Structure formats: C-alpha cells, structure tokens
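Residue-level listing of the chains:
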Amino acid sequence: MTTTPVSARTTSPGTAMTDEQREAFERDGFIVVPGVLDAEEVAHYAAAVDRVYAEHQEAGKLAADGSLHKLSAVESCHELAPLLNHPKAFGLVWSMLGWNVHVYHSHLDVHPPLPEKKPFRFEWHQDGGRQNRELESDPRPRMSVKIAYWLSDVSETGRGNFQVVPGSHKTNWIAGPPRRDVEWPNPDGAIEVTANAGDAVFFDRRIWHARSNNYSTVTRKGVFFGYTYRWVRTREALSDDIPGLTPVQRQLVGLHDGDGDHAWGHYPSDVPLYGALKDAGELNPAHPPLIP
Ligand SMILES: O=C(O)CCC(=O)C(=O)O
C-alpha cells in the first residue's frame, strides 16, 4: 500500500485557469495539462484502482474483454477522493463554472490490451445524455466540464487513447451510422489525445469524443470526474457518508448538509467552495452571488 500523497492533504482550491488555457479551451474544447500528478501520486492512485480491478476480477464482474468501467469513482474507491479537487486541476473547473458545482458523473477505467479485434461500435458522443436532445440552442450550452486523470502512459497513439474532434464543442450534430454497430469512419478531424501518466485532460462536455480500442501491450488506466451546477441532478451513487472528506469535497460528492438553498446558491456563505475561493482571493465577479 502506498502512502497518501502530500497534495491529498491540502485544502487549497488551486489557482485559476490562465488566459492561455482559457483561449485554448474555448477554441479547441479541451486542453492537456501536463504533470498534474507526480510519480508518487500516479503510483498511489494506480494502486488504488488496481485494487478495485482485482476485487471485480475476483468477483467475476469485469466486462467480457477484461475491462472495468466503474461509475461513481469516489464511492467505488474512497482513496480517489483527493482527485475531486486536486489543486493542480480543480482551478480549471471553478474558473469555468464558478462555485455552485458538484460532481454529477464520474468513473474509473481499466482497459487491458485487447487480444483480438473487437466488433465495431461507433462510440462518438457528447456528454450529458438527453441534454443533447432537450436543450434547444445552437450551440447548446456548456453545462459541464470533465477532468480525465491518466494513471498509465498514453503518450503514444493506439493505447486506447481518448479521441476528440478538436473544436467540435460548438457543433450540435455530426454524421454517424444508423445504428452504433454499423461500420462508419471516424469524424473528420478526429485525433487521439496523447498524454503521459500524471497528465490530465480537461474537456467541455460538448466536444465530440470517444474511447478507442487498446490494441497495445499497455493497460490503460484513468479516472474521470464530470462537474456541473448543483441544480443539475447527479448520476452518482450517493453514500450516507464517506469519512475524511474536506468540506469542499463533501460539496462535490453531494454530502454537504448546509443546503437550505436546495443547491440554488441563494446562500453562498453556506457553500464550501464559495468560502474557499473567498479565503484564497479567487472569487470571480463573473460568478456573482444572487442579489438578496
Ligand atoms: O475513456 C475515454 O477515453 C472516453 C471517456 C468518455 O467517453 C467520457 O468520459 O464520456
């Protein structure tokens, strides 16, 4: 068992997104942030994910291809809680969405090398499910952002890399097959995002994206956290309690109990991230409180 990394004990909300990051994110719909996790953190979180994988393997609960796509990352693996608000990545979230946020969808993923070619499946999608049918504007609103932490080396393509169409986050519709199992080419402009273990990818939920198949010799491991406004209902399994969380982490997993405002943000001083940003001098006038 590895020791808890120092970064896991900080209560700092981190620093705001830089102007360069914002420009790239607005243009491309995603950015790669190098070196968010150091080698010790990668080893620590990869070992935690490996334990969850081994438990599922033991219980015969892996997918037929030996992969694990486990929803509710922190509920499934409490050791991942510090990644909810890692100080080197969390600033990207509150810079985009402000302080009235929570994690509405998360997963840990282990994809071992595939021994043989998988049947075709068109995996390209935008996140948010029916948000992509029931919101009426063009482009539809951002609504949520996601961080992927890489716990394995995907610095070469072909390792089950995350694929995106850069700049597609303002495009409501792309051409696709009549059914997902009908062979269809990748969308124009699609790329495999490469990253080292410890890098993070921060992406707009609207960007057209897909996991690729891992035909390499390296098992792909990652943890994904999707953030949205607290007034959007969570998809996460909710615990009665998860011990040891900070107030901001409790807000993010929906365990914050000062919710007289029903998550509408009427009482910012009751919302832990508002207080943390205030203390750090990082409150942004672009995300003002409601007028009392
Ligand atoms: O695992 C991947 O590379 C893609 C993940 C994905 O599709 C998602 O986070 O919505």
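Residues numbered from 1 in each chain as written. Predicted model: local features only at pLDDT ≥ 70, side-chain atom pairs only at ≥ 80, totals over all residues. Heavy atoms only, no water.

- Per an unreviewed UniProt entry, the protein chain goes by Phytanoyl-CoA dioxygenase and derives from Phytohabitans rumicis.

**Observations concerning the overall build of the protein chain**
- Helix and strand counts for the protein chain stand at 7 helices and 9 strands.
- Taken over C-alpha atoms, the radius of gyration comes to 19 Å for the protein chain, in line with the 19 Å a tight globule of 292 residues would show.
- When the backbone C-alpha atoms are referred to their principal axes, the protein chain occupies close to 60 × 50 × 35 Å.
- Scored against the burial criterion, the 292 residues of the protein chain give a buried share of 51%.
- In the protein chain, 87% of the contacts between residues at least 6 apart in sequence involve partners at least 24 apart.
- Positive and negative side-chain charges in the protein chain, numbering 29 and 38 respectively, have mean positions lying 5 Å apart. (Helix = DSSP H or I, 4+ residues; strand = E, 2+ residues; numbered from the N terminus. Rg over C-alpha atoms; globule rule 2.2 N^0.38 Å. Buried < 20%, exposed > 50% of the residue type's maximum accessible area, 1.4 Å probe, protein only. Contact = heavy atoms within 4.5 Å. Lys, Arg positive; Asp, Glu negative; His and termini not counted. Charge placed at Lys NZ, Arg CZ, Asp CG, Glu CD.)

**So, the nonpolar core**
- Residues Leu80, Tyr149, Phe202, Val223, Phe225 and Tyr227 are the most contacted members of the largest nonpolar core, which totals 55 residues.
- Examining the composition of this core, we find that 7 residues originate from one element, helix α2 (residues 39–58), more than from any other.
- In terms of nonpolar packing, the next biggest core, distinct from the first, is built from 12 residues, Phe30, Trp150, Ile207 and Phe224 among them. (Core = buried A, V, L, I, M, F, W, Y, C linked by side-chain atoms within 4.5 Å.)

**Considerations on the site of the ligand**
- His107, His125, Asp127, Lys146, Phe162, Phe203, His209, Arg211, Arg220 and Phe224 make up every residue found near the ligand.
- Contact distances for the ligand include 2.8 Å between an oxygen atom and a side-chain N or O atom of Asp127.
- At 2.7 Å from an oxygen atom of the ligand is found a side-chain nitrogen or oxygen belonging to Arg220.
- Protein contact buries 93% of the 290 Å² of open area that the ligand shows by itself.
- Looking at the shell around the ligand, the elements that each hand over two or more residues are β8 (209–211) and β9 (220–229). (Near = heavy atom within 4 Å. Polar contact = N/O pair within 3.5 Å; in protein donor to acceptor, adjacent residues only side chain to side chain. Areas by Shrake-Rupley, 256 points an atom, 1.4 Å probe, with all protein chains shown as cover.)

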